[in-house]
Amino acid sequence: MASHYEAPIRKPLVLGDKGYHDVSVDIAAPVEGRANKHWWIVFSIALAAFLWGIGCIIYTVSTGIGTWGLNRTVNWAWDITNFVWWVGIGHAGTLISAVLLLFRQKWRMAINRSAEAMTIFSVIQAGLFPIIHMGRPWLAYWVVPIPNQFGSLWVNFNSPLLWDVFAISTYLSVSLVFWWTGLLPDFAMIRDRAVKPFQKKIYSLVSFGWSGRAKDWQRFEEVSLVLAGLATPLVLSVHTIVSFDFATSVIPGWHTTIFPPYFVAGAIFSGFAMVQTLLIIMRKVSHLEAYITVQHIELMNIVIMITGSIVGCAYITELFIAWYSGVEYEQYAFLNRATGPYWWAYTLMMTCNVVSPQVMWFKKIRTSIMVSFIISIVVNIGMWFERFVIIVTSLHRDYLPSSWTMFSPTFVDIGIFIGTIGFFFVLFLLYARTFPVIAQAEVKSILKSSGERYKKLRDAGKPLYQVSATAAPVKAAAPTPEAKEEQVSSLLETLGTFDPATQQADDLKKIKGIGPQMEQALNQLGIFTFAQVGRMTQREYDLLDSITGSFPGRAQRDDWAGQAKGFNENK
């Protein structure tokens, strides 16, 4: 019991009377069950946005980049803003999965899997913009340094734009391996619970033969730590290199050494906000309130509040350095941001990124689900406008006043951006229906220390292995024939009776956990069909254990009712 001790002051991270089997059933439910109405509504909206974005991309490629709102002065705008925004959102996945793993933070267990998935999907969206911006995506291979008939046609290895390619591809590769490694025990769990042969075969392939042996777990822990060590520097390096796209230039407003830490803090800030948005939606749609608790939401809000304060400090430092430098061009760049024609974007940026996170100082607000959801969206709006302000306001008024101009996005610009948001949510919603969205093996590892059920047992001074009151006793006196007959009648009253004249018996041995002897025992009780087994609940499981007296708890552990419903639907 001492190894599972946790200070009583710490709140449970898994709510309700959850045991190990309950965790498996709850986490597998979104994958094994059918999508509910909420899922279909959100998926339909995301799919519509995605299709609109595809139409705008096709129009851009077939017509040319002239369909965007770019001009000779503002030759970087909407596309690079979206690129940096999506890369920033992908930062939180690595931070949660790698850095919090190294610091042994237990609260990461319920949110790391979805954060890692979000990282991969957001980097995919970011990668679309440089490809589209080429104008002729089918010539993308020209940027690869391969021998060619044009002579020395090579990419410029001194350009930060090329560093981006290496940094982001490395980041995507490590994140993908990290994500998939963590999913292996979860895939194996779905594989072992699968009823349909095709589903079982697919999850057997993607679980890479995971058997749950001690050697598997040893290698799993070692690889996770190695990948966490590799991924942690990426949290700093990726957005640092993205910031070099601007900081290595001589344009006022960009040429500053504060950009690397400023961009990294902003990336973590926006990434955590997007994770917060997704978690709040997912806990509602997938009914995971017991695992993604208010405490998780509160801790995420604290990180958002701290990183928001760091970003605010960076804004103030930028303004101070511009004034202290004495360079009039630098001073005008920042004055133009705050008072020029894009003052509204600057004000929106400051309000969303600096002011709004400060409300999280109040516990009542940071534990409110609705307020947290609104603030998370507001933060990401603010972070998008931060990138827009940095890029557009630094370009639209350069050293030559005669070339000053304004940038306005076209419907194609807006359509492609909305399309990437739709694509992101389509990928995430499909992921939530086919992959376990919570790391069940890791949640089980903290269940005895941080589960509400075990905390109550420990506080009451009871052993952690105590069987709940509803479970059947381990050793019970054999029921009398009269009592047994009454139990059978009570059981069949709920499950229904079998009429051989109008019904056909099913092969109950298809259900995992039912062999020839158990099938014979069930037939003797009058249970012959999947429909009857599918009606079993906790009460019927207990009655069956009491009547048969063999393998108590097995029917519930193997989820006979869930398996039987699946077989019955596919008859």
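What you see is a predicted model; the values in this text were computed from it and never measured. (Residues numbered from 1 in each chain as written. Predicted model: local features only at pLDDT ≥ 70, side-chain atom pairs only at ≥ 80, totals over all residues. Heavy atoms only, no water.)

### Thoughts on the overall build of the protein
Next, step 1: Secondary structure summary: the protein contains 24 helices and 0 strands in total.
Next, step 2: Across the 571 residues that make up the protein, the buried fraction comes to 50%.
Next, step 3: Taking contacts inside the protein between residues at least 6 apart in sequence as the whole, the part at least 24 apart equals 79%.
Next, step 4: One way to put it: in the protein the 46 positive side-chain charges average out to a point 2 Å from where the 39 negative ones average out. (Helix = DSSP H or I, 4+ residues; strand = E, 2+ residues; numbered from the N terminus. Buried < 20%, exposed > 50% of the residue type's maximum accessible area, 1.4 Å probe, protein only. Contact = heavy atoms within 4.5 Å. Lys, Arg positive; Asp, Glu negative; His and termini not counted. Charge placed at Lys NZ, Arg CZ, Asp CG, Glu CD.)

### As for the nonpolar core
Next, step 1: With 126 residues, the main nonpolar core has F246, F272 and F388 as its most contacted residues.
Next, step 2: Here this core takes 16 residues from helix α9 (residues 259-285), the largest share from any one element.
Next, step 3: Setting aside anything within four residues of it in sequence, one finds F272 in contact with A92, L95, I96, W107, M300, V303 and I304.
Next, step 4: L525, I527, I547 and W560 belong to the second-largest nonpolar core, a separate cluster that totals 23 residues. (Core = buried A, V, L, I, M, F, W, Y, C linked by side-chain atoms within 4.5 Å.)

### Things to note about the packing of helix α4 (residues 91-102) against helix α6 (residues 160-193)
Two numbers describe a pair of packed helices, the interaxial angle and the distance between the axes.
Next, step 1: Between α4 and α6, the least distance of the axes is 11 Å, while the angle of their chain directions is 55°. Classified by the angle between their axes, α4 and α6 sit oblique to one another. Seen along the crossing, α4 lies across α6 with a hand that is left-handed. Of the residues in α6, those touching α4 at H91, T94, S97, A98 and L101 are Y171, S175 and F178.
Next, step 2: Here the residues of the contact of α4 with α6 sort into 4 nonpolar, 4 polar and no charged. (Axes fitted to C-alpha atoms, helices over the stretch in contact; angles between N-to-C directions. Parallel < 35°, antiparallel > 145°, perpendicular 65-115°, else oblique. Left-handed = near helix turned anticlockwise from the far one by under 90°. Nonpolar A, V, L, I, M, F, W, Y, C, P; charged D, E, K, R; others polar.)

### Observations regarding the pattern of salt bridges
Next, step 1: Using the criterion set out here, one finds 11 salt bridges in the structure.
Next, step 2: With its nearest N and O atoms 3.1 Å apart, the salt bridge here joins K509 to E519. With K509 in the loop between α19 (481-495) and α20 (516-525) and E519 in helix α20, this pair connects stretches of sequence that are 10 residues apart.
Next, step 3: You can call K509 partly exposed: its relative accessible area is 39%.
Next, step 4: In the salt-bridge network here, residues are joined through shared partners; they are R108, R113, E116, D186 and E442. (Salt bridge = Lys/Arg side-chain N within 4 Å of Asp/Glu carboxyl O.)

### Quick look at the layout of surface pockets
The gaps of empty space that remain are located by a probe, the size of a water molecule, rolled over the atoms.
Next, step 1: For the largest pocket, the calculated volume is near 1,200 Å³.
Next, step 2: E32, R193, A194, V195 and D559 are the residues nearest the centre of the largest pocket, which is lined by 37 residues in total.
Next, step 3: Every element with two or more residues in the lining of the largest pocket is listed here: α1 (20-32), α6, α7 (197-206), α15 (411-434), α16 (440-445) and α24 (560-569).
Next, step 4: For the lining of the largest pocket, the leading source of residues is α1, giving 7 residues.
Next, step 5: Here the residues of the lining of the largest pocket are counted per class, giving 14 nonpolar, 10 polar and 13 charged.
Next, step 6: By volume, the second largest pocket amounts to about 940 Å³.
Next, step 7: What lines the second largest pocket is a set of 30 residues, and nearest its centre among them are P130, I131, M134, L161 and V165.
Next, step 8: If one sorts the elements of the lining of the second largest pocket by residue count, helix α5 (residues 112-133) sits on top with 9 residues.
Next, step 9: When the residues that make up the lining of the second largest pocket are grouped by side-chain class, the tally is 22 nonpolar, 5 polar and 3 charged. (1 Å grid on protein atoms, 1.4 Å probe; cavity = no way out; pocket = protein on both sides within 12 Å on 5 of 7 lines; lining within 4 Å. Points joined across faces, edges and corners; volume = space filled by probe spheres on them.)

### A few points about the packing of aromatic side chains
Next, step 1: Counted according to the given criterion, the structure contains 51 aromatic pairs.
Next, step 2: Aromatic side chains W40 and F43 sit 6.1 Å apart centroid to centroid with 85° between the ring planes, which places their arrangement in the edge-to-face category. One end of the pair is W40 and the other is F43, both in helix α2 (residues 37-63) and 3 residues apart, which spans about a single turn.
Next, step 3: Note on F43: relative accessible area 12%, which makes it buried.
Next, step 4: Here the basic side chain of R433 rests over the ring of W39, its NZ or CZ set 6.0 Å away from the ring centre. (Phe/Tyr/Trp six-rings, centres within 6.5 Å; stacked < 30°, edge-to-face > 60°. Lys NZ or Arg CZ within 6 Å of the ring centre and 35° of its normal.)

### Here's the deal with empty space enclosed by the protein
Next, step 1: Inspection of the entire model under this criterion finds 7 cavities of 30 Å³ or more.
Next, step 2: For the lining of the largest cavity, the elements supplying multiple residues, two or more each, are α2, α9 and α15.
Next, step 3: Of the residues belonging to the lining of the largest cavity, the class tally is 10 nonpolar, 1 polar and no charged.
Next, step 4: Taken as a whole, the second largest cavity holds about 50 Å³ of empty space.
Next, step 5: Every residue lining the second largest cavity is listed: Y262, Y315, E318, L319, F334, R337, Y346, M349, V389 and I390.
Next, step 6: When contributions to the lining of the second largest cavity are tallied by element, the ones reaching two or more residues are α10 (294-325), α11 (328-339), α12 (343-355) and α14 (369-395).
Next, step 7: With 3 residues, α10 is the single largest residue contributor to the lining of the second largest cavity.
Next, step 8: The class makeup of the residues in the lining of the second largest cavity is 8 nonpolar, no polar and 2 charged.

### Some thoughts on α9
The periodicity of an α-helix, 3.6 residues per turn, causes residues three or four places apart in sequence to face the same way.
Next, step 1: Taking 1.5 Å per residue, 27 residues should reach 39 Å; α9 reaches 38 Å between its end C-alpha atoms and fits that length.
Next, step 2: Burial of α9 is extensive: 24 of the 27 residues sit out of reach of the surface.
Next, step 3: Backbone geometry just after α9 places H287 at a positive phi near 55°. (Expected span 1.5 Å × (residues − 1).)

### Brief notes about the side chain of T81
Next, step 1: Looking at the secondary structure, you find T81 in helix α3 (residues 78-89).
Next, step 2: The residues contacting T81, other than those within four sequence positions of it, are W384, R387, F388 and I391.

### Section: the confidence of the model for the protein
Next, step 1: Averaged over every residue, the pLDDT of the protein is 82; residues scoring 70 or more account for 90%.
Next, step 2: Within the protein, the element-level pLDDT minimum falls on helix α18 (residues 452-459), averaging 65, and the maximum on α12, averaging 91.
Next, step 3: For the stretch residues 466-477, pLDDT sits under 50, and the model shows 7 contacts to residues farther than four places along the chain or on other chains. (pLDDT = per-residue confidence, 0-100.)

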